[in-house]
Amino acid sequence: QVQLVESGGGLVQAGGSLRLSCATSGIIFSDNTMAWYRQAPGKQRELVAAITSGGRSTKYADSVKGRFTISRDNAKNTVYLQITSLKPEDTAVYYCAAGRGSYYSGNYAYWGQGTQVTVSS
């Protein structure tokens, strides 16, 4: 059974930082591209960041470049999203996603349940 479990969300003031984690099981983690998406109320889900299976390549949404950092630990089967300089517009549910060969296709086979990030102004 595949599981992706996000953690680390919460309520934070603007300018603050958070580190989201996504622990996985049931997949060969090192074979999978990992990504973070987010969905704000009334908006479509959007890609925030992605990282290739070996961790050599990353990409980010323009709105988070320079503030968010995606990383992975293949020994722990976990992907992280370090978020700094938070803005109220970063408020959303953040989802972890996994997929083989998904870095360019954007098609992810597995999804977590999400973790809420709320940024107060």
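As a reminder, the structure under discussion sits directly above these lines.
Residues numbered from 1 in each chain as written. Predicted model: local features only at pLDDT ≥ 70, side-chain atom pairs only at ≥ 80, totals over all residues. Heavy atoms only, no water.

Undergrad: Help me understand the pattern of salt bridges in this model?
TA: All told, the structure shown has five salt bridges when counted by the stated rule. A salt bridge links Arg100 to Asp31, with the shortest nitrogen-to-oxygen separation between them at 3.8 Å. Placement of the pair is Arg100 in the loop between strand S9 (92-99) and helix H1 (102-105) and Asp31 in the loop between strand S3 (18-25) and strand S4 (33-39), with a sequence separation of 69 residues. Overall, Asp31 belongs to the partly exposed group, its relative accessible area being 32%. (Salt bridge = Lys/Arg side-chain N within 4 Å of Asp/Glu carboxyl O. Helix = DSSP H or I, 4+ residues; strand = E, 2+ residues; numbered from the N terminus. Buried < 20%, exposed > 50% of the residue type's maximum accessible area, 1.4 Å probe, protein only.)

Undergrad: Whenever I open this one, the sheet that holds strand S8 (residues 78-83) confuses me. Can you help?
TA: Hydrogen bonds between backbone groups are what pair the strands of a sheet, and the pairing can be parallel or antiparallel. The strand order S1-S3-S8-S7 describes an open sheet built from four strands, whose pairing is antiparallel. Where the open sheet ends on each side, the last strands, each with one partner, are strand S1 (3-7) and strand S7 (68-73). If you compare each strand with its neighbour and ignore which way they point, the axes differ by 15° on average. Across six bridges, S3 lies against S8 in antiparallel orientation. The residue bridging Cys22 from the neighbouring strand is Val79, located in S8. (Pairing = 2+ DSSP bridges. Axes fitted to C-alpha atoms, helices over the stretch in contact; angles between N-to-C directions.)

Undergrad: Would you explain the pairing of S1 in this entry?
TA: Side-chain positions along a regular strand alternate between the two faces of the sheet. Along S1, the buried face is formed by Leu4 and Glu6; none of Gln3, Val5 and Ser7, which line the opposite face, is buried. Of the pairings in the sheet, the one linking S1 to S3 comprises five bridges and is antiparallel in character. Bridge pairing in S3 places Ser7 opposite Ser21.

Undergrad: Even after reading the chapter, I still don't get the state of the cysteines, so can you show me in this structure?
TA: Formally, a disulfide is one covalent bond, and it connects the sulfur atom of one cysteine to the sulfur atom of another. Taken as a whole, this structure holds one disulfide when the rule is applied. Here Cys22 is linked by a disulfide to Cys96, with a sulfur-sulfur distance of 2.1 Å. The S-S bond linking Cys22 to Cys96 shows a torsion near -80°; that makes this disulfide left-handed. In this pair, Cys22 is assigned in strand S3 and Cys96 in strand S9, connecting sequence segments 74 residues apart. Taking relative accessible area as the criterion, Cys96 reaches 0% and is therefore assigned buried. (Disulfide = S-S within 2.5 Å.)

Undergrad: How should the packing of aromatic side chains be read in this particular structure?
TA: Geometry of an aromatic ring pair is reported as the spacing of the ring centres plus the angle between the planes. This model, assessed by the stated rule, comprises four aromatic pairs. With centroids separated by 5.8 Å and ring planes inclined at 80°, the aromatic side chains of Tyr37 and Tyr108 adopt a geometry described as edge-to-face. Note that Tyr37 is positioned in strand S4 and Tyr108 in the loop between H1 and strand S10 (110-111), a separation of 71 residues in sequence. Considered together, Tyr37 and Tyr108 belong to a single accessibility category, that of buried residues. Ring centres of Tyr108 and Trp111 lie 6.3 Å apart, and the angle between their planes is 75°; this geometry places the pair in the edge-to-face category. Judged by relative accessible area, which is 10%, Tyr108 ranks as buried. By way of ring pairs, the aromatic residues Tyr37, Tyr108 and Trp111 are connected into one cluster. (Phe/Tyr/Trp six-rings, centres within 6.5 Å; stacked < 30°, edge-to-face > 60°.)

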